[in-house]
Amino acid sequence: MAVGEVAVEPQEHIHPPPTGFVSKYIISFDHKVIAVQYFITSGLFFVLAGLLAELMRAQLSGPHNNVLSPTTYNEAFTVHGSAMVWLVTIPILTGAFGNLVMPLQIGARDVAFPWLNMFSFWLFPPAGILLFGSFLVGAPQAGWTEYPPVSLMTPGTAMWSAAIFLIGVSSTITGINFLVTVIKMRAPGMTWTRMPLFVWATVVTAFLSAIATANLSAALAGLFIAQIFHIPFFDPARGGSPVLWQHVFWFYSHPAVYIMILPAFGIISEVIPTFVRRPIFGYKAIAYSSVGIGLISFMVWAHHMFTSGLAQWVQLPFMILTMAVAIPTGIKIFSWVTTLWRGRIRLTSPLLFVMGFLSTFTFGGVTGVFLASVPVDIHEHATYFVVAHLHYVLFGGSMFGIFAGLYYWWPKMTGRLLDERLGKWHFWLMFIAFNATFLPMHWIGLLGMPRRVATYFAQFDPELLRTISATNLFITISAFVLGASMLIFAYNALRSARGGERAGSNPWGARTLEWMTTSPPPYYNFAEIPIVLSGPYEYGKPLPYANIKQDPDAVPLH
Amino acid sequence: MATHALHVDDALYEEVRGHRLLGFLLFLISDSILFMSFIFGYLYNRAAAPVWPPPGLERPDVFLAAVNSIVLFGSGVTMHFAMESMRHENRKRFVGFVLATIVLGLMFLGGQVIEYTTLIRHDVTWNGTTFGASFFTLTGMHGFHVFIGVIFLITVLIQTLKGVYTTQRHFGLTAATLYWHFVDVIWVALFSLFYVY
Amino acid sequence: MDSGSRQASLLDSEFWGVTALMAVLSGVLMWGVVIFPIDEFLPKASSAAEHIDYLFKFMSFFSVPFIIFVNGYILYFTWRYHLRKGQSRTAVGSDIHDHTALETLWTVIPSILMVALGILSYIVMPEYYLADAASQATVEAIGHRFYYEFRYPGLKDPVNGELHLPIGKLVTIDLTSAETDPSQAVIHSFWAPEFRVKQDLIPGMVVPIHFKPTRIGTYRIICTEFCGLGHSDMVGKVIVESQAAFDTWFAQEKTRQASSSQAMTGTISLAGGDEASGATLFSKKCVACHGVGGFDQKKVGPGLGNIFADPQHPKLVNGQAATPQDVAALIQHGAQGPMGTMPSMQQNGLSAKDVANLVAYLKSIHQ
């Protein structure tokens, strides 16, 4: 029989299916439905935050523009950054992909705490409404890092703190939920070293979410009461210190960037073996390096503070550890590239996005090393060099990874395929426009362009200003092309939803458990809980599941 | 869900209990991180201060706090005995010990109110200097946790009276006990950091 | 499984050929890094700059092969191992799972490079940072919203916006941030790109940096830490000059400070104010905080496009519409606004004539 056909009735202790529109789609406890809810909500905030970016770039197309007032510009970059981190990247990678894929990949029927899963999601829209709603009463202006004292003098900081606090609670709960799920609910026979690498990534990410986020909650509570009740933690006149905020904020926010990249690493590790049809090279190295990265991520936070007056004996260990964390990351990249070697490669859209990731994230990782060295960071800190770096790792890394995952798991989630040709157009336009937008930023940053400026005529003599202005104009145009490339995806998604080609259980011919059930899966995921016999990437050998038969005639659709 | 617990077989109950226990422990770890961040902030500001307490301010009185601590630790003892009573199927003693825990918890909170009003009368305030800010924020958070703990215990009491728990199946009580001990441990840290150090 | 492959040579001559090609390309680009003239784009003005640029080139040098090889192998492997027409989509690739020697190599070599980078960075670290006992002078730099104030040893009043330094002398700069109302002070940053020096100015802290200027010229100071609405315009100047020129400036400044304390009191004459000079002055001294739009188009301070007596218009001075003499007095004495501090004429380094010129300019743009 074909893979995934329901042959037997589900076992008795599965709850009956939800009935009615509200329990099926609104207050749902089904991890797959919750994943879709996260995708839609994050997608909406991605569009809003992206529009803010385009507004910012319009303002920066010339050195002395008046497209946005200084206040609005400040609000724009603050909400853009905050939204992209907390309302887009973290929710999509954890709440959406984590929910959609991880329980299926471990052969479970759902996560450990489905009610908490639902609750976690429903904290998310209010957080977003608070953050974007702040535009009506005065949005925060001091950047997504909201350093006091200046953040305490601008409106919107308390609202920002409350919004991010909510999303932090959501993130913590999801982290705890996912940790318990993977530790306790793996299918029989699925030892740690037989887990798919996306699950490894999810576990480490969940650990970071569960542990580091509480620290952010503390920081945000501190900032909130500082603005509303004038509590003096950050006020030097009353015994406090602005640098305290930086320590507490970055102690969370550095692990946060790993929350934003580790699941993307996991996606890469899933997509490559499927489309080169061979085992991933260096499974253990990739798995264990994720753990190493997760642990080291707690020990490097002050590399964001090298100009904040830290003593040199404090700067030194942070510099060393930051350089050290590049090693496990490099190992992954080399392993992924080696997996391409002697594969049988089908260059589908998901794989293209993976390659885009490999190219751009590697570049971003390299500029990260430039920023790790204290003397060089001193020059580059808080300039457009950093803006370039962060977009190469977060957009080049996380976003390309997210699109790879979206194209890959779209058929599983919806039962329909996305159009391959449109996918390729999307990729090439996005990849070229991305590099055109962010590569020149390294250059203008080194030459003197600071971050968070609405105009830039003051920082350059006339001759240099001509170069900087022309470069900024080029960046702006590229940024608009980059935004437009997303429309291709939107159109593709709509077409697919309206009647795209049906996918079947396993359109890609992959071997992880999510492909061993229907697309989309039934609410109980699997008719029988699978029994796992070996690892998930052994192409050429029989399927490693005792109770799932392989269809000998099945050929991947692409 | 509580009623669900009675209608499943032992194997499934144990499995789910394992999930809940791990989840609850992770929650407690996350909660400790919350306290640790504020403790870091307190120590950071204190280390940078040339003189501590700041000039003109007095340290809070150890005696009252010591008595209050004994009250709180006492409630930890009564909670322990409550758990023992549950295991030995002694309903009456169980209810008694839980009530004692609740009463001691509320006494602790009352003691904190006295402590707070005393300090405020001596110009140590929440929004004055970091001295008061750290003290009130951290002990306030702790007090809030005690208050939530009391509500937790009242809930456990109601569940017991409804006959939900058995000697084998009483995860809600286990969680409440763990939480209550957690609150005690946090208090050890805060007492040491504010009254001893 | 690989079909009929030579187990002995997993890497064939085509692979090595492509690798060699990438090595050559890397070599060329690495040579490009070595000879790249950073100075033509960003001159070096301090003794530390040379070592920092060297470190930057060191990192760029070793980044090149890394990027070339990663991208190169991705392209090559995709091209070479792509399914060809007629090959089944079920064809399976190699089952080589790992290779201890290779994995060790690609762990050890980057680690060695990191260690080297760490050591080099450590050596360069003290070159700009914190005070140095050998320093020959200390200048205080105080960040305000939105300008830099400098206090020189031997000058009684601060000089705003301009850091004058004699060439070749090691100097310490003590950095902090302050406002007349301490609760208004925010974090700024002092970045002098040509010196490769940056340090945040933090309220409540004084952080010293030190460097030795090695090139005569006028350079920029740029604020890189968001500090409010005037952040985009917060810039200053570093003027490195010969000892003789520095001494001349110092003496002139001393004299000017002595005489300008008289100009602080009394009314300033507005006769003969020159609007062209006023315009130049405005763009240097005022534009950080004031635009030339309407009164309610606030930057840090109100827009100055129509501040004079105008029945239509909101009041400027003490609830009354402003006369030119009122505006001159404001420039003379400075003001504390809700968003920042307007420096006095003395702090701005303005003479009485400057004030007259500014008022003339403001009258000329009055709508």
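Residues numbered from 1 in each chain as written. Chains lettered and ligands numbered in written order. Predicted model: local features only at pLDDT ≥ 70, side-chain atom pairs only at ≥ 80, totals over all residues. Heavy atoms only, no water.

**Concerning the interface of chain A and chain C**
Okay, step 1: Listed by partner, the interface residues are 94 residues for chain A and 86 residues for chain C.
Okay, step 2: The junction of chain A with chain C conceals about 7800 Å² of combined surface from both sides, 68% of it contributed by carbon and sulfur atoms.
Okay, step 3: Its largest share of buried area at the contact with chain C, chain A owes to A:Trp341, A:Arg342 and A:Arg344, together 11% of the area lost on that side.
Okay, step 4: Where chain A meets chain C, there are zero salt bridges. (Contact = heavy atoms within 4.5 Å. Buried area = accessible area lost by both parts, 1.4 Å probe. Salt bridge = Lys/Arg side-chain N within 4 Å of Asp/Glu carboxyl O.)

**Focus on the sheet that holds strand β5 (residues 171–177) of chain C**
Residues and elements named next belong to chain C.
Okay, step 1: If you walk across this open sheet you meet the five strands as β3-β2-β1-β5-β8, and the pairing is mixed. Two strands bound the open sheet, and with one partner strand each, they are β3 (159–160) and β8 (207–211).
Okay, step 2: Pairing of strand β1 (residues 137–143) with strand β2 (residues 148–151), which is carried by four bridges, proceeds in the antiparallel orientation. Opposite Gly 143, over in β2, you have Tyr 148 as the bridge partner. (Pairing = 2+ DSSP bridges. Helix = DSSP H or I, 4+ residues; strand = E, 2+ residues; numbered from the N terminus.)

**Focus on the environment of A:Ser478**
Residues and elements named next belong to chain A.
Okay, step 1: If you trace the backbone, Ser 478 turns up in helix α16 (residues 462–499).
Okay, step 2: A residue is classified by how much of its surface remains accessible, and Ser 478, at 6% relative accessible area, is buried.
Okay, step 3: In this structure the C-alpha to C-alpha distance between Ser 478 and Ile 432, which are 46 residues apart in sequence, comes to 8.7 Å.
Okay, step 4: Dropping the residues within four chain positions of it, Ser 478 is found in contact with Ala 433, Ala 436 and Thr 437. (Buried < 20%, exposed > 50% of the residue type's maximum accessible area, 1.4 Å probe, protein only.)

**Remarks on the state of the cysteines**
Okay, step 1: Using the criterion set out here, one finds zero disulfides over all chains in the structure.
Okay, step 2: Free cysteine C:Cys223: the closest other cysteine sulfur is in C:Cys227, separated by 3.8 Å. (Disulfide = S-S within 2.5 Å.)

**Overview of the side chain of C:Arg220**
Okay, step 1: Of note, C:Arg220 is situated in strand β9 (residues 217–222).
Okay, step 2: In contact with C:Arg220, other than residues within four places in its own chain, are A:Leu447, A:Gly448, A:Gln459, A:Phe460, A:Leu464, C:Leu42, C:Trp191, C:Ala192, C:Pro193, C:Glu194, C:Gly236 and C:Val238.

**Describing the confidence of the model for chain A**
Okay, step 1: Taken as a whole, chain A shows an average pLDDT of 94; of its residues, 97% reach a score of 70 or greater.
Okay, step 2: Counting interchain partners and residues more than four positions distant, the pLDDT-below-50 stretch residues 1–10 of chain A has 19 contacts. (pLDDT = per-residue confidence, 0-100.)

**Topic: a nonpolar patch on the surface**
Okay, step 1: A surface patch of nonpolar side chains, amounting to about 940 Å² of accessible area, comprises A:Phe21, A:Val22, A:Tyr25, A:Ile26, A:Ile27, A:Phe29, A:Trp115, A:Leu116, A:Phe119 and A:Trp122.
Okay, step 2: Sorting the residues of the nonpolar patch by element identifies α1 (21–26) and α4 (114–137) of chain A as the ones contributing at least two each. (Patch = residues over 30% accessible without salt bridge, like charges linked within 9 Å, V, L, I, M, F, W, Y side chains within 5 Å. Areas by Shrake-Rupley, 256 points an atom, 1.4 Å probe, with all protein chains shown as cover.)

**Side note on the pairing of strand β7 (residues 197–201) of chain C**
Residues and elements named next belong to chain C.
Okay, step 1: The element β7 is largely enclosed, with a buried count of five among its five residues.
Okay, step 2: Because side chains alternate across β7, one face comprises the buried residues Val 197, Gln 199 and Leu 201, and the other comprises Lys 198 and Asp 200, equally buried.
Okay, step 3: For strand β6 (residues 188–192) and β7, the ladder comprises five bridges, and the chain directions are antiparallel. Paired with Ser 189 across the two strands is Asp 200, which belongs to β7.
Okay, step 4: Adjacent in sequence and paired antiparallel, β6 and β7 are bridged by four residues, among which Arg 196 carries a positive phi angle near 60°.

**Focus: the packing of helix α11 (residues 312–340) of chain A against helix α3 (residues 47–81) of chain C**
Angle between the axes and distance between the axes are the two parameters that describe a pair of packed helices.
Okay, step 1: At a closest axis distance of 8 Å, the pairing of α11(A) and α3(C) adopts a crossing angle of 20°. Judged by the inter-axis angle, α11(A) sits roughly parallel to α3(C). Where α11(A) crosses over α3(C), the two elements pack in a sense that is left-handed. Taken together, the residues of α3(C) that come into contact with α11(A) (itself represented by A:Ile333, A:Phe334, A:Val337 and A:Leu340) are C:Phe66, C:Val70, C:Tyr73, C:Ile74, C:Phe77, C:Thr78 and C:Tyr81.
Okay, step 2: Split by residue class, the contact of α11(A) with α3(C) holds 10 nonpolar, one polar and no charged. (Axes fitted to C-alpha atoms, helices over the stretch in contact; angles between N-to-C directions. Parallel < 35°, antiparallel > 145°, perpendicular 65-115°, else oblique. Left-handed = near helix turned anticlockwise from the far one by under 90°. Nonpolar A, V, L, I, M, F, W, Y, C, P; charged D, E, K, R; others polar.)

**Quick look at the interface of chain B and chain A**
Okay, step 1: Counting residues at the interface gives 27 residues for chain B, matched by 33 residues for chain A.
Okay, step 2: Carbon and sulfur atoms make up 77% of the surface buried where chain B meets chain A, a total of about 2400 Å² over both sides.
Okay, step 3: Across the chain B-chain A interface, the total number found is zero salt bridges.
Okay, step 4: Connecting chain B to chain A are seven residue pairs in polar contact (both at pLDDT 80 or more). (Polar contact = N/O pair within 3.5 Å; in protein donor to acceptor, adjacent residues only side chain to side chain.)

**Some thoughts on the packing of aromatic side chains**
All names here are of chain A.
Okay, step 1: One pass over the structure, following the stated rule, counts 106 aromatic pairs over all chains.
Okay, step 2: Ring geometry for Phe 265 versus Phe 357: centroids 6.1 Å apart, planes at 90°, classification edge-to-face. Taken together, the residues Phe 265 in helix α9 (residues 262–276) and Phe 357 in helix α12 (residues 349–372) connect sequence positions 92 residues apart. Per residue, the accessibility class of Phe 265 equals that of Phe 357, and both read buried.
Okay, step 3: One Lys or Arg, Arg 511, reaches over the ring of Tyr 539 and ends 5.6 Å from the middle of that ring. (Phe/Tyr/Trp six-rings, centres within 6.5 Å; stacked < 30°, edge-to-face > 60°. Lys NZ or Arg CZ within 6 Å of the ring centre and 35° of its normal.)

**Regarding the pattern of salt bridges**
Okay, step 1: With the rule as written, the count across this model stands at 15 salt bridges over all chains.
Okay, step 2: A salt bridge links A:Asp235 to A:Arg238; the shortest N-O distance between them is 3.0 Å.
Okay, step 3: A relative accessible area of 22% means that A:Asp235 is categorised as partly exposed.
Okay, step 4: With a relative accessible area of 24%, A:Arg238 lands in the partly exposed category.
Okay, step 5: In this structure, A:Lys424 engages A:Glu420 in a salt bridge whose closest nitrogen and oxygen atoms are separated by 3.1 Å. Taken as a pair, A:Lys424 and A:Glu420 lie in helix α15 (residues 420–447) at a separation of four residues, close to a single helical turn.
Okay, step 6: Since its relative accessible area comes to 30%, A:Lys424 is described here as partly exposed.
Okay, step 7: Judged by its relative accessible area of 13%, A:Glu420 is buried.
Okay, step 8: Here the salt bridges share partners, and the residues they tie into one network are C:Asp39, C:Lys44, C:Asp53 and C:Arg196.

**Examining α15(A)**
Residue and element names in this part refer to chain A.
Okay, step 1: The first and last C-alpha atoms of α15 sit 42 Å apart over 28 residues, in line with the 40 Å expected at 1.5 Å per residue.
Okay, step 2: A large share of α15 lies buried, amounting to 20 of its 28 residues.
Okay, step 3: At the N-terminal boundary of α15, the capping side chain belongs to Asp 419, with an oxygen 3.0 Å from the backbone nitrogen of Arg 421.
Okay, step 4: A positive phi of about 130° marks Gly 448, the residue just after α15. (Expected span 1.5 Å × (residues − 1).)

**A look at the environment of C:His164**
All names here are of chain C.
Okay, step 1: Here His 164 lies in strand β4 (residues 162–166).
Okay, step 2: Along the sequence, His 164 and Lys 237 sit 73 residues apart, while their C-alpha atoms lie 8.3 Å from each other.
Okay, step 3: A polar side-chain atom of His 164 sits 2.9 Å from a polar atom in the side chain of Glu 241.
Okay, step 4: One polar contact links His 164 to Trp 249, side chain to side chain, over a distance of 3.2 Å.

**Some thoughts on the arrangement of the chains**
Okay, step 1: The chain pair with the greatest number of contacts, out of two pairs of chains in contact, is formed by chains A and C.
Okay, step 2: Contact between chain B and chain C is absent, and the minimum C-alpha spacing across the pair is 11 Å.

**Overview of the packing of helix α2 (residues 31–59) of chain A against helix α3 (residues 70–105) of chain A**
Residues and elements named next belong to chain A.
Okay, step 1: Where α2 meets α3, the closest approach of the two axes is 8 Å, and the angle between their N-to-C directions is 155°. Here α3 runs roughly antiparallel to α2, going by the angle between their axes. For the pair α2 and α3, the crossing hand works out as left-handed.
Okay, step 2: Looking at the contact of α2 with α3 residue by residue, the class counts come to 25 nonpolar, seven polar and no charged.

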